[in-house]
Each structure stands twice: as structure tokens, then as C-alpha cells.
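Here is how the chains run, residue by residue.
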8 protein chains.
Amino acid sequence: MDIRDLLERVRSGELDIAGAEEMLKKLPYEDMGYAKLDHHRGLRSGFGEVVYCSGKTTEQLVGIFQTFCSGGDNVLGTRASAEQFEAVRAAVPGARYDTLSRIIRIAPNPCEQAGCVAVCTGGTSDIPVAEEAAQTAEFFGCRVQRFYDVGVAGLHRLLGNIEEIRRANCVVAVAGMEGALAGVVAGLVDKPVVAVPTSVGYGASFGGLSALLTMLNSCAEGVAVVNIDNGFGAGYLATQINRMACG
Amino acid sequence: MDIRDLLERVRSGELDIAGAEEMLKKLPYEDMGYAKLDHHRGLRSGFGEVVYCSGKTTEQLVGIFQTFCSGGDNVLGTRASAEQFEAVRAAVPGARYDTLSRIIRIAPNPCEQAGCVAVCTGGTSDIPVAEEAAQTAEFFGCRVQRFYDVGVAGLHRLLGNIEEIRRANCVVAVAGMEGALAGVVAGLVDKPVVAVPTSVGYGASFGGLSALLTMLNSCAEGVAVVNIDNGFGAGYLATQINRMACG
Amino acid sequence: MDIRDLLERVRSGELDIAGAEEMLKKLPYEDMGYAKLDHHRGLRSGFGEVVYCSGKTTEQLVGIFQTFCSGGDNVLGTRASAEQFEAVRAAVPGARYDTLSRIIRIAPNPCEQAGCVAVCTGGTSDIPVAEEAAQTAEFFGCRVQRFYDVGVAGLHRLLGNIEEIRRANCVVAVAGMEGALAGVVAGLVDKPVVAVPTSVGYGASFGGLSALLTMLNSCAEGVAVVNIDNGFGAGYLATQINRMACG
Amino acid sequence: MDIRDLLERVRSGELDIAGAEEMLKKLPYEDMGYAKLDHHRGLRSGFGEVVYCSGKTTEQLVGIFQTFCSGGDNVLGTRASAEQFEAVRAAVPGARYDTLSRIIRIAPNPCEQAGCVAVCTGGTSDIPVAEEAAQTAEFFGCRVQRFYDVGVAGLHRLLGNIEEIRRANCVVAVAGMEGALAGVVAGLVDKPVVAVPTSVGYGASFGGLSALLTMLNSCAEGVAVVNIDNGFGAGYLATQINRMACG
Amino acid sequence: MDIRDLLERVRSGELDIAGAEEMLKKLPYEDMGYAKLDHHRGLRSGFGEVVYCSGKTTEQLVGIFQTFCSGGDNVLGTRASAEQFEAVRAAVPGARYDTLSRIIRIAPNPCEQAGCVAVCTGGTSDIPVAEEAAQTAEFFGCRVQRFYDVGVAGLHRLLGNIEEIRRANCVVAVAGMEGALAGVVAGLVDKPVVAVPTSVGYGASFGGLSALLTMLNSCAEGVAVVNIDNGFGAGYLATQINRMACG
Amino acid sequence: MDIRDLLERVRSGELDIAGAEEMLKKLPYEDMGYAKLDHHRGLRSGFGEVVYCSGKTTEQLVGIFQTFCSGGDNVLGTRASAEQFEAVRAAVPGARYDTLSRIIRIAPNPCEQAGCVAVCTGGTSDIPVAEEAAQTAEFFGCRVQRFYDVGVAGLHRLLGNIEEIRRANCVVAVAGMEGALAGVVAGLVDKPVVAVPTSVGYGASFGGLSALLTMLNSCAEGVAVVNIDNGFGAGYLATQINRMACG
Amino acid sequence: MDIRDLLERVRSGELDIAGAEEMLKKLPYEDMGYAKLDHHRGLRSGFGEVVYCSGKTTEQLVGIFQTFCSGGDNVLGTRASAEQFEAVRAAVPGARYDTLSRIIRIAPNPCEQAGCVAVCTGGTSDIPVAEEAAQTAEFFGCRVQRFYDVGVAGLHRLLGNIEEIRRANCVVAVAGMEGALAGVVAGLVDKPVVAVPTSVGYGASFGGLSALLTMLNSCAEGVAVVNIDNGFGAGYLATQINRMACG
Amino acid sequence: MDIRDLLERVRSGELDIAGAEEMLKKLPYEDMGYAKLDHHRGLRSGFGEVVYCSGKTTEQLVGIFQTFCSGGDNVLGTRASAEQFEAVRAAVPGARYDTLSRIIRIAPNPCEQAGCVAVCTGGTSDIPVAEEAAQTAEFFGCRVQRFYDVGVAGLHRLLGNIEEIRRANCVVAVAGMEGALAGVVAGLVDKPVVAVPTSVGYGASFGGLSALLTMLNSCAEGVAVVNIDNGFGAGYLATQINRMACG
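About the criteria used
Residues numbered from 1 in each chain as written. Chains lettered and ligands numbered in written order. Predicted model: local features only at pLDDT ≥ 70, side-chain atom pairs only at ≥ 80, totals over all residues. Heavy atoms only, no water. Helix = DSSP H or I, 4+ residues; strand = E, 2+ residues; numbered from the N terminus. Buried < 20%, exposed > 50% of the residue type's maximum accessible area, 1.4 Å probe, protein only. Lys, Arg positive; Asp, Glu negative; His and termini not counted. Salt bridge = Lys/Arg side-chain N within 4 Å of Asp/Glu carboxyl O. Contact = heavy atoms within 4.5 Å. Buried area = accessible area lost by both parts, 1.4 Å probe. Phe/Tyr/Trp six-rings, centres within 6.5 Å; stacked < 30°, edge-to-face > 60°. Lys NZ or Arg CZ within 6 Å of the ring centre and 35° of its normal. Axes fitted to C-alpha atoms, helices over the stretch in contact; angles between N-to-C directions. Parallel < 35°, antiparallel > 145°, perpendicular 65-115°, else oblique. Left-handed = near helix turned anticlockwise from the far one by under 90°. Nonpolar A, V, L, I, M, F, W, Y, C, P; charged D, E, K, R; others polar. Polar contact = N/O pair within 3.5 Å; in protein donor to acceptor, adjacent residues only side chain to side chain.

Visitor: What am I meant to see in the side chain of Asp126(G) here?
Guide: Inspection of the secondary structure puts Asp126(G) in the loop between β7 (114–121) and α6 (127–139). The charged side chain of Asp126(G) is buried without a salt bridge, its nearest counter-charge being Lys56(D) at 9.3 Å. When neighbours within four sequence positions are excluded, Asp126(G) is seen to be in contact with Thr121(G), Val174(G), Ala175(G), Gly176(G), Thr198(G) and Val200(G).

Visitor: Sorry, what's going on with the interface of chain H and chain A here?
Guide: Each partner contributes to the interface: chain H provides 23 residues, whereas chain A provides 23 residues. Here chain H packs against chain A, burying approximately 1900 Å² in sum over the two surfaces, 69% of which is carbon and sulfur. Counting the surface chain H buries against chain A, the share from its top three residues, Glu178(H), Leu213(H) and Asn217(H), is 29%. Linking chain H to chain A there are zero salt bridges.

Visitor: Where do I start with the packing of aromatic side chains in this structure?
Guide: The description of two aromatic rings rests on the distance between their centres and on the angle between their planes. Within the structure shown, the criterion is met by 40 aromatic pairs over all chains. Plain terms: the ring middles of Phe139(D) and Phe140(D) are 4.9 Å apart, the flat faces sit at 75 degrees to each other, and that makes the pair edge-to-face. Comparing Phe139(D) with Phe140(D) shows no difference in burial state: the two are buried. Relative to Tyr236(G), the ring of Phe140(G) has its centre 5.7 Å away and its plane inclined at 85 degrees; by these criteria the two rings are edge-to-face. One end of the pair, Phe140(G), is in the loop between α6 and β8 (142–147); the other, Tyr236(G), is in helix α11 (residues 231–246), and 96 residues separate them in sequence. Judged by relative accessible area, which is 1%, Phe140(G) ranks as buried. Through a chain of ring-to-ring contacts, the aromatic side chains of Phe139(A), Phe140(A), Phe232(A) and Tyr236(A) assemble into a single cluster. In this structure, Arg79(D) is placed above the aromatic ring of Tyr202(G), and the distance from its NZ or CZ to the ring centre is 3.8 Å.

Visitor: How do you make sense of the packing of helix α4 (residues 58–70) of chain A against helix α5 (residues 82–91) of chain A when you look at a structure like this?
Guide: What describes two packed helices is the angle between their axes and the distance between those same axes. All names here are of chain A. Where α4 meets α5, the axes come as close as 9 Å, and the angle between the chain directions of the two elements is 40 degrees. With respect to α5, the element α4 is oriented oblique. Handedness of the α4/α5 crossing: right-handed. Contacts between α4 and α5 involve Thr-58, Leu-61, Val-62, Phe-65 and Gln-66 on the former and, on the latter, Gln-84, Ala-87, Val-88 and Ala-91. Classifying every residue of the contact of α4 with α5 by side-chain character gives six nonpolar, three polar and no charged.

Visitor: I tried to follow the interface of chain A and chain F on my own but got confused; where do I start?
Guide: When the parts of a complex come together, some accessible area is lost, and that lost area is often taken as the interface size. Listed per partner, the contact involves 27 residues of chain A and 27 residues of chain F. Summing both partners gives a buried area of about 2400 Å² for chain A against chain F, and 60% of it is carried by carbon and sulfur. Seen at the junction of chain A and chain F, the total is zero salt bridges. Our count for the contact surface shared by chain A and chain F stands at five residue pairs in polar contact (both at pLDDT 80 or more). The set of elements that each furnish at least two residues to the side of chain A that touches chain F consists of α3 (40–45), α10 (209–216), β11 (223–225) and α11 (231–246) of chain A. In terms of residue count, the dominant contributor to the side of chain A that touches chain F is α11(A) (seven residues).

Following this line, the structure appears as C-alpha cells:
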């Protein structure tokens, strides 16, 4: 909705005042009572729709997916349980599910993949969060390279891959426990590093707090931190950065 | 019990000293051993009785409900499990239960609803807490309007409803994760905003701590914060404020 | 600015499109570069202007006060140092300062005081925060009654004043250390209690955290919590509630 | 073992050096490999034996109980599960179990009860912890009076019982959530108050942290705090104090 | 004030109703506006008056001391600065000050000392808090024995004094940093141990939090914890316990 | 140093083995004993040199600046005190200092500015941190637009500037207290938002923790968080992103 | 891989440049996609291989064990569930499992045991963590002596064993709740004490935080702390130290 | 004092019982009232005496130093202010002071230095803590090599020195902010790494908490953590380990 256009239609009498007033109030979302769906997000940013599945009832979730899919949108569902997926699949046949990343993906018009995002993990246990990041970035049109289990306790594993990692436009560094991976990577590459602390660990890792603080305190420049276990957020941010590099 | 009246009856000899002493000691509650029931609360404030169900045994709970109901009081049970409700219903036939808000409601003489309280949520996952607030306010005689999923990440959804929200005497803002809804709403309306942080979220939301701190630090005036997930407290406070406006 | 009126002026040609577009964008604030002043807040809510002084340079502060005062507004400055006040007074002659509450007050057209707000403290050391609340409420037109040093460690001091406290439309309970005052008061009155934790204390009071948690966890209904030491916020909230009762 | 006596026996030749050396090393406990049992505690302090059951395997627990019981000691088991009790009962026939306090009690020679300890709770949900305190004190020879559900949100319930509470030699105040009971009681009685924070609550009660901080920050003198949910510790401490008063 | 006596005087006409009403309201404290002084505390408990000096203005403090002293009470001022003492001494000639404990003491009728309280510290830096405890207990009539620098890192220093410590009716254990002293002492004596964590330390002592948690988690029975650095509270509690033993 | 080139020189005999071994070990930094200076950073990333001044002695600082400047590099000093600047200026004549951002800037060959970074603050007190971000980005070649005091408590101030903010390649959102600005901005623009929590605030802001948690928990996509008060880090990250967009 | 040798082979033409470049990059690990296995760790340090089992899928785990075992390595699996062990045993016949320590052990060439490590626990519930430490040390060639249930609440149990503990080259002190064991032991022996806080406890033990802080704040010299419940890390560290003493 | 010898002297009558009893009680420390000095520590462990100066009065400190020095002991004073040193020097002429490490050193018979301890820091600001560690180790007879400013943000600085670091018997890794140095070093060397978190940093470093958690959660084996800023403790521990290697 263009405000200048609207005003011109008011002046020309094409649009009456009550209608214009209504349109100025009415913003481009659809109200389902329990959720207000943004159809404009995809338009604005060139991204598809995203549904955070955790904490929603099966009925709510199916309703939301059906509404989005009826418009032919690509839809990404995050943090979905297997049960939620079964219900969605029954209603939306083309839906696919990845048990590791817990992502539901419906992509009638998949994006072409361009540029490059590198996704690294400190250990094997960080892979589910890394896959959420990687698959999110792929959904939104990034080419993704994975470098798993390259934590700083065995530095040669990271150094052995660093040349390839440097070629990415953005690096996603996923690590729990000490969380030092992000800072070490940022010291070795000159692109933004999106740091994802994970809740992997025990004891004084305090559910990811240790890794979070490490990443926030990184001495290397160029580290951008997201919430603990927030693979989706990291994948989204990496996509925004990668798109810039792709022009 | 009026102290002046009592003293006059002592002087006139209508009441002997032992009796007066006893009356001064005996306060208007009923002792069930494991619980001391207030019958006077309803009289004093015009509100019905409230039972916090969580952590009570079924036997205790049934006993409390029966005692209150034998006096014909309206009774609200909060944080009740389905099992607790089944036991209460067996003993008190008119009891009703809402699975979302986990409220048991027994209202032989329901309040008339007046004024207006607006209940808003940031997301869909915050609705159970919001319903506890809304149904509490309704139980105590407020008219309630619900505005769900109007979180600040999609500001147009909130702005599209703000005129209606402004008409309420009090706004209950329910939000988890970042919890910014309360402060943004308070900046847009000139009535008290009761802020309810929820434990919805993950990672650095730390069980609602993030939303709680956000709300306490709101830069907008007029934000009153209650405990994490305390929908009942918010509904009660909103009722007190709404009643004032209704005179 | 009335949107319907603006649209009609566009239709009638009284206002051209570029001008209307500009007006729709331009909201009623004045931009000073380092601060954007709201002139509409007073209009909207019937309250005067408020300036949070802490953290602003003397130059910024004097500029802000001069701008507000040039419009004849009542202005309340909170958390002002004596140095800041000296600079403001030099520029705005009618300014007054209270060393206890650290409030600067400029009130060419002081509000008439109506209704009643009770302000209580647990101890003598809580008085500065209480005075910030009390003087804020007075500035905005409340009659205020003070009940200081009525903490729960000497319960008779509170009970000896409770009848008077009950007559207020809203009670502000200010307490540090254990912070139990708010819950005890809320159990004794049936009006909203605005709870202000203070940083008074030592050791495990952790700068007010103890009192804050106590107040958030109050078992009594009707407790609205604000930030630690936030006397201003409490006074503002109490004013909103008191005004409702005054019709 | 008296050191002077031992030395005299060495000098007299009644005891050889190797034997004396052995006795000086050998302290009065029995080593079961996984646990070292004190038999002397009962002798020293006049109390029976205590076993903290949680976290021990059934085999370990049965072994410990059998060893103690073979000596005819009174034994108190705390934090026992129903399963643990079944195993103990099979091995030690006289064992009894209380499901509320989770206490196993074996008392072939029960103590006579003397003096008086008052055990109060803020709410009904605090009763399990209070019973652990009360039954511990009874096991060790205290007369106990219970005052349950006398929390400060309904102050008249506490005030209605305060004269009786004052007669105790020691008061145990058990409360979760805001935890204000201990400080209010301490302000009303002049005997030591043992404060037990409980993990009852939700949200910002943070598993008992709120009540713990409240109690530590109590403005009333004479409050002794123990660990969250530590009913046993409170009962033990109350016993020590009550015994002193009993001479 | 005896309620039965008052009622009889009402019935006999000796006291009119308005007077009785007034007396029932008027509790035995004196209102100075900024502080409400308890004169009855000394009567009730046999202790003198106590003033917490920190956070009070010099004017307030002098006023409070003068009021108490005009009644001939013994008065103890805690956490007083040297400046506060100078002002008090100017108004109340007999006042004395201890720079280590920061206690002001006015004792026209000093208590006789009886029984025994042992005050121990882990290190030399804990002495100021220990002295606050020791001098408080002495003020209220306890004989006190000091055992300083007997921390568990050099266990022989504690063991070398343990027989004497065992003879006390109550032990006050003052320690910062690891705070293990309280639990070790409690395992060696069979009297209540009042544990005072101090803020002595650095790094992960977090202002006394480490010692506080250690003491709350003590595995030895009979440990009563007070707030960090709360020497006064420990001394008061020890006095209550010591008095019981003295009959 | 190119490894392939080095190996070829070894094969050709141009470089002997000991020399090659030495070079493989020697990486491009200069060792000053107390600090190891990277000369390659500027080469690798096209950025100048950066010195974190806080915590360094004056001697160390002057030495570091002289070493860098002798090579003709642009140098940025962050968190410098006025005293530190005076010492640096005496040694390096062209040095300039900004008291607000506490930045020392030496730029014999200043970068040309391209692209656009928007720097927003919630309030006036956040400006020092924002200026550190803005001047860092300018130093490294970004055009910067400032939008100060546009916090969410007065949403119209933000909305009135949002079209301009949207034109930037990256937005830096600087806010203390509730910290909601970052999430609200991210919901309104489709570029990465670098969120900088500040320590501005009091009470439950806990030195910036509240704003930090709010930003980490933002419900809007595209929020990258840096450490509390880390204006430099935000400016650096924004530069990396802005450069990508500039190709 | 010896760098000097490689360079000589380049010079002699035995190795071409591309090959040398590749070898300089390729470090001695094997890439399985989801995990990068170090074969060199054993060579470098004389220790076998270690697999942290928790959080790995059964497939990943079996793959890792098979790869290591195919080389004849000794392998230690930590934090393994019974289910994980069953899968490993099916694939690697010689595997053994200890349910207490949750360790999987495959040792075709078990180390000879030398020197001495003492492993102590505060209580019976700490034994699982202690066994992880003890069995790790034994796997890597230490002789281990166990001293369980020697916590400081019953000091004679520790003192009765202290002479034997002193003979070890390194002491591992495992304790939950108050965690004072480590500091007391370190004060009694002159060898390094590896302190392992455990999550044993309840209430204010906060999952091991209390014991962790106690150990970090130990006043005795020579205390080395590892993560909460990190028996493996303690056993490894003790092995390193014990080996030094063994020459 | 040998217990067997003492007993034999009792039996032979050489020592009477009272004398023996006294000797068994009297342990080898000297009591100065405010401090109990261990003379045996040096004997037992071959180390000199250590005085923690912070928090002691000048009088106490001088007294302690004089007592130790009168016996000809080497004495190390840690955390001493310049004022404290001046007082000590006046009383003990040979005392020397290092302003960086804040160490007072009196060494009439300095230890010969043997073995090797490597002390590394992440940044320049960590040097004071590192020097406390290094000078402590030197005082107790270690040869020390310093590697400063080798933090992981510029990994080549660490890798360029790693061969030398590997030759040490023990590495002390000192780092603030992210604190990743310890884990990275431990992955590169096979000797124990003593990790010292420092309070260097700002914002979410929370006074060293971030570095502390990072180090506790290190994924590399062989990391021993000490308290924040505890350079002395690290130096002592490193000495114990280095001595073992020196046999």
C-alpha cells in the first residue's frame, strides 16, 4: 500500500474518506484469532514464511500451515515435533521433515542457492542446532558448506579446513560448553561470524550460559551472537549477509 | 465486627468480658487443620473466593471447595490439573473447567460484567497465561477484550488494534522471550498496563527471567509487573483498576 | 492531528498531497538532535512533562528544560544531582529542588490535588525512594499521605495505621531488604498496592534483588511491582489509578 | 575415649605403645566401604542416628539401617522414597514411614517429649517440609505444636494464633514464594525463629531462592536460616535450642 | 497493656469507650515522623534498644539516640560511621565507639555477662564482622570467647582450640571465601552454630555468595545461617540461645 | 607470506631449510614483549589497526601507537581516558580524541565513506556507546546516519524515522534498560540489526543484563547481539556487512 | 610429520610442491563427516583414546568405536547409557561397562599401573563421579586408592585416613553440597588436590554451584578445580600429575 | 612431633602425662591473637611462608612479617598495597615490592630455580595476574618462561610460540573476557594447564565469570581451574607440579 497513491485516490474522489481511513488502519496481515499471519514478510524481504512450531497446539499449527500454503508460499516450520509433523503432513501433502533439525519444509518453489555460508560445529552433539541453521539458510537460497566437529580442543581439525571456511561470505559457528570456536574462527577469517551457543554440556555450562558469555566476550572482531540453540536465527542472519555479498 | 459496637456492648453488660475477649481473638476464618479459609475476603472486597490448586492433595482440595461452596460463594480454582478437577466435580456438581487456563469455576451467582479490560499477548504460546488473566477478570465482573499474537516483532499487528486497546480501563500485556510488548503498549495508551512475563521461550529466556527484566526496566510510564506466568494476579489487579473506573 | 480531518482537507484540495504525506509522517515531537521531546504526552494524558536527568550532560538537560518551559508546561525532573539542578535553575528561574527525592519541579500551573494515595516505607532508609513516589504523585494531582517506618519487623506500627491506609485509592509500599511490606499491606487492604523494592540493605539483598523477588512472589492479590528504586514509576502508576477512582 | 586415661594406661604399662597408637588413630566409626558410620554421635549428643536416604542405592541403605539397628539405636531416615522404605522394612521389621514427610522412623526406645517447638507454614503446600521438621523434632524428644496455613497474606490467621506460638521455646517458620512469614513471626516473638524457605512457588520464586533471600534479609532479629526445603535441619536445630530451655 | 484489664475498666465505667478505642489503637511506640521507635522491645525481651545507623541522616540518628537515651535505655548502634558517631557523641555524652566493629554503645546500666558464646573466624580479615557479633552478644549480657584465624585450611589451628569451643552454649562461625568453617565446627560440637558468611574474598566469592551457599549446604546438623556480614544478627541470635541455657 | 612461494624457493635452493623452517614458524606480527602487534590485519581485511586502551599502562600504550604509526597505518584507539590521550598526543602529533566516544583516532590516510549504516539509540544516555559504534564505522569507511532517542516508549519517534532507517545496509540499535529497540527495529527493516545492550539504567537492569537478554530473545529475525556497551564491536560488524553490500 | 624432513624432501625433489603443500595442510586426523578422530593423541601423550558418549546417536557411537578399535587402540567411553553400551558391545566384543561410573572400557593392551592417586568423596552419593575419576586414572595407568564418605561433617573419618591419603602423588576430592572437602584435604597434604564439585544436593546447592564456588574459593593452596560432575577430567588431570612423579 | 616417640617418652617416664597432653594439643603454630602463624608449612612442603596482605591492617601485617622473618624464613606477601609495603619495609629492611604483581618478597635464602613453568596471557591487561603467578613460582624455585598477549583472537601469535610452551612441565594460562586461551593451549600440549580467569573485561564478562565458566567447560583434557585473578594459587599449583617432574 503506497501512501501517496492512496492520498491521490482520495483527492480524485476515487476513494472515499471512510475507506481511506480504514485502509490506513488495515495492515497486510490475516487474523486467525489465535495468530496473526504476515503475508507481507515474503514480499518485503524475498524470504518465505516461517512458523515457530513449539508451544502451538496441533490444531493451531495445521491451521497456520494451511493458510500459508493455500497462497502457494514456501513455508518453513521450526522446532516441530514428529507428532506435529504428522498432523501437518496429513493436511499439507508436500511437507517434509528432518528429524535432526526438527524442521518442516514446504517448498513448492524452492529458492535457487547462491553465495556461500559455512556452518561449523565444535562437536558432534552440536549438529542438530547446526542443521537448523544450515537448512534455514538453504531454504532461503544460500549454498551451505558444513564443517562439523572442528572444536578448538583439537585445533588442527579447524586449521585443516580454514582455507575453505574463509571463502564463505558468512560463517555460522555453533558450539556448546566452552564455546570458544566463534572467537577463534573470527580471528582467522575476515567475514562476519554468527555465533550460536548451544545448551550442549553439563555442570557449569548452565544450559548454554557458559558458551553464550564466551561468545559475547570474544576478543576477535566480527562476532554476532544469537540466542542459545537458535539455529534458525543464525541461518536467517547468515542469509541476510550472504545476500548482500551476492548483490 | 465493629470494635466500638463491641465495647459498647461490654459496657452495657450485654456482652461479658470473656465473650468479648474471645470475639476479639476470633477472626473470621475457618480452620481445616491443613488450611485456614477466609470467608470475609468476599465480603470485604466484593470478590469471590480463590483457591490455588497446585501442590494441594485431592483430599485437601475437595475439602476446601466443599467448605466454600456450602456457603454459596462463587469460587475460582487456579492452576488445577484435570485430575484435580475430576475430584472437585464429583463433590461439587456445578464446577466447570477450562483446559487452556487450567481454571476451575463455580459461580452460582456470576458477577455482571462491566467496564473493559484488554488482554494482549505477544505470541500464540502466551495464550494459556492470558486466558488465566482474562477468565479471572471475567469471573470478578470485568468485560474483557482479547488481542492475541500482537507482539512487537510485527508491529503493524499491534498498531492495527491500538485504538480498541486504548478504550480499555486497564491493559494486561502477556509476553515471553523478549517481553517488549508491555513497554510498547504503555507508550501508546494512557491507562495502567499490567505486565505478565511468561516462561515461553528457550535458551537465554531463562524461564521467563528475560521477559521479567524487560518489563521491570520499561522506559514507558505506567507498567505494573506481576510474577512470571501469573495470569491470575494480573486478572485480579486489572479487576481492581477496572472497578475504580466503573465507580 | 486528526486523520479524518486531514483526509477531508486532502479531498477538498485545501491540503496538497505532498503536505499531507509530510504531516502523516511528522508526529508531534520536537527534535533536538540528542533528544526528541514529546509535547503531546501532556495533552494525551493530562499529565505534565517528565525528564529523567541521570546520565544527561548539563547542556542537554538545560536545553530540554528550556524547550519544555518555553511552552509553559509543568515539568518534573527525576534523579537530578545538585549540580544539574544548579544549571537548570540558572536557566529556568522558577525551578525547585528536593535533595531527598532528587526531584526538580517546575510547576507554573500546579495541578489541584484530589483523591488519596498512601505511601508507606519499611524503614527510614527507604524514605528517599518514597519521597520520589510521593512528590511525583503530588505533582500530577494526587493528595498523598505518608506512613514511614512501618516495616513488618514491628507489625504493630503498621497495624496502628492500617485504617488510614485503607482509605487511600492506591497504596505505594516501599521496602528494601526482605521487602515483605507490600504483601502484608496487600493482604490488609483491597486496593491496588504498587510495590517498590529498594536497594537498601547489604549482603544477600544483592542491590534490591531480594526485595524485588519477595514482591513478585507475594501471596496476596493486588500487588503491582515496579523496578528497584523506581519511586517515579510508582508515583505515576498510583496517579493513574487514583485518577480512575476520582472519575 | 579419654586421652588422659589412655596416657596413664601407657605409663602404667597397661597399654603398649602400638596399641595406644592404634587407639589414637581409630576413631569410633564403622567402615562399610561406601559409607563410614558414626556410632558416637548418639553418645555425644544424646540424639539418635540419622540417614539421608536420597541418592543411596537400596543395597547401601539396607546395609546402613541394619548396622545401626543391630546396635539397638533409634534411627531416622530422611528423604526416603516409598521404594526405599519397602526395602528397609523387609530388613528391619519395626520401621515406619510417613508419606508426607518421607521420613523412615525406627525407634525401639523413643525419646520422651519435653519443652515446646512451634512449627508454622505459610500455606498448605509447605506442609511436607514442615512435617519433616516437626517429626524430626518429635523423634529427638520435643513436644511440637503445628500452625499451618498462617501466611502473611491473611495476617489475622497468624495473629489469631500468636499467643500460643509465643509459648514455644523455638519457632520453625516454613514458607515458600515470598517467604515473609519468618520475619513477621520473629517480630512478634522473642525466641529464635528457624526459617525454612521452601521450593513451593513458580516463576520468580526460582526454586526457593526468593524465599531464601527474604529470610536472610529479615529486618527482625532472631532469624536463623537453613537450606531450601531442609525440614530436617530445622527440626534438628529447633531440638538443640529447645533442649537448652529444658535444661 | 492487658486487654482483659482494659475491658474490665470499660465495664466498670472507669474507662470510657472513646478512650478504650484509642488505647486499643495506640501501640507502645513513639512516632518521630521518619522513624517509629519501639520502647516495648526492651521490656518484652529483656534486651536494650538497637539502631541500624547505615543510611540514616545525622539528624535522624541524633534524634533517635536522644529519644532512646532520654528514657535511660541501653542503646546499641550498628554500622555507624565515624562521622555519625561524632554527631551522636556530641548529643549523648556517654556514647562509645569501636572502629573495628563500627558499633556505638551507650550502656548506662550494662548487662551482667553470663553463660558463654564462642566467636570464631576463618581468617584475620573476618575480624570486623566477628567483633560486631561479639560486642553485640556482650552488650546483651553474654560472656564471649574469641577464636580468630582458625580457618579450615590449617585445621590444626581449629583442632587445637576445639575443646574450649565445645564448652560454649552457642558458637558463632564467621568466614568468607570458601566459608567451610561453620560446617566443620558444627561437626565437632553439639551446640547450635550460627554461621556468618562474610564478603571477604575476591573473584568467585561474589561478595560473600560463595560462603553463604557453603554454609546453607553444610552437611553437618545444627548450622543456622544469617545474612552476609550480619555480625549483629548472629550476636543477637547467639544471645537468645545462650540465655536459654542460662535459664 | 605465501606457502607455495616459500616451497618453490626451497626447491630452487634460493632459501635454505633452516631459513624456511624459521619463516614457517615466524608469523607476521611484531613482538614488543608486553604486546604482540598484528601488522597483517590491515592487509588481510582492508581495515586499519585497532588498540583497546583500557587496562594498558601509559608506557605500553604510547609504545603500541608509535609502532603502528611509524608504519603509516591508520590507528583507532578505543576506551581511552583523557590522560591516555594526552600521552599519545605528545608522542603522535596527529592524534585526535572524542570525549563522548572515548576514541583516539589517527588517520593519515582516511578511508572514503560509502554505503550506509544507521545508528539508533533508545535514549540520550545511550549516545556515548552509539558514538563509539558510529565513529568506528566511519573510521573504516562507512557513511553513518544517526537516529538518537527513538526508544520504543515513544514509538512515533521511531516510526517517524523508519523510512530513512530502512535505506541503510545495516542498522546498529543501541539501548539500555528494557532494550526493546533492537527487536522492534528488526521487525520493521529487512537488513541485519546489530544490537548493542548498554549498561544505562538502574535497579533490575543489572548493569545491562536486562537489555542483553531482551536482545538475545528478540522474536524478530535478523538480530545480531554484541557485548554490553561494545560500540566498537558493533561498528566493526556493521562495517563488514556494509562493505558486502557495497561490493 | 617432521617439518625439517619435509623441507629436505622438497629440496631434493623427492616431494613435489603440491604434495608438500597438501601435507602441510593435512593434519593427522581421520574425518568421518560427523566426527573427526584424533589418532595422534595416543601417540603424543601415551594415553589411549577417549569418547564422550552423551549426546551422540547410537550409529555415530558405534562408528567411532569401530574406527578406533580397528587400530587396536585402548578406548575409554564416558557418560555412556546402558543402551549405548549394548550397541557398542554388539559391534566391539571386548567392551566392558560399569553401571556406576557409566564408563565403557575397551583395553586390549591395558596400561600397567604405577604411582598412586587417592580418590576421596564427601558422601556416599558422590561415588558415581568418584568412580568415573578412579576408573579413568586406572585406565591410563595409575594405581588408585579410594576413600569414600570422608566428608568434613565427621572430620574424624577424614583424619583417620589422612596418613594414607598423604602418600598419594595427587588427591582427587569429590564433594557436593558444601564442597568443603577439597580445601580441608589441601590443608592437610602437600600434593596437588584436584577438586570435583558434584551436583549432589538440593535447594541452595543449585546443581553443584555451591560446591563449585566453595572449591574455587578454597583458602588452602594447591586446589585445582574442574567442572561439576567432571570425574573424567579429574582422573585425566590426576594421571598427568601422577605420571610426572613416576618420571 | 612424632606420636610414637612421644608415647615412648611417656612410658619411660621421661615425659609426664600433663606435658604429653599439652604437647598433643599444641600444634606447631604461633598465636598472635588476630592471626595464627604456621611455621610448619615450610618444613612440611619445602615452601616458604605466604601472607595474604589484603584486608589486614598495617599493624597486623607488620607483626606477621616480623614474626616470620625473625625465624629467617623466606616470606612472600601477596595482594599488598604500596602503603602496606612501605610499612613492612620499615620493619623488615630486605623486603622488595613489585608494583605490577603487588607482591612483597623477602628471600634471605632464595630457592634455586629448576624445571620449567610457562606463563601465558591472552592480552596485555592480564599481565598483573600473570606476574603474580610467575613470581610466586619463581619464589618457590621454578624456572619461568613468559608468553604474553598470545590470545586466541590472533592464533598465529600462540602457534608461533607453541613449541617452546610445550617444553614446560606445566602451563599457566591467564585470560579474561572469553577466556578461551586455556582450552586451546590444553589441546596443544600434553602437560597440565592451570587456568586463571581474570576480571579483565567489561559488560557480560561479569567480573571474570565469563572466563571462569569457559575454562571450567573446556573440552580439552588437562585443564585445572583456580579462582578469578588468583595468580598466586596458580603459581603455587604449578610449582607443585613442576617439582614432581623435577623429581
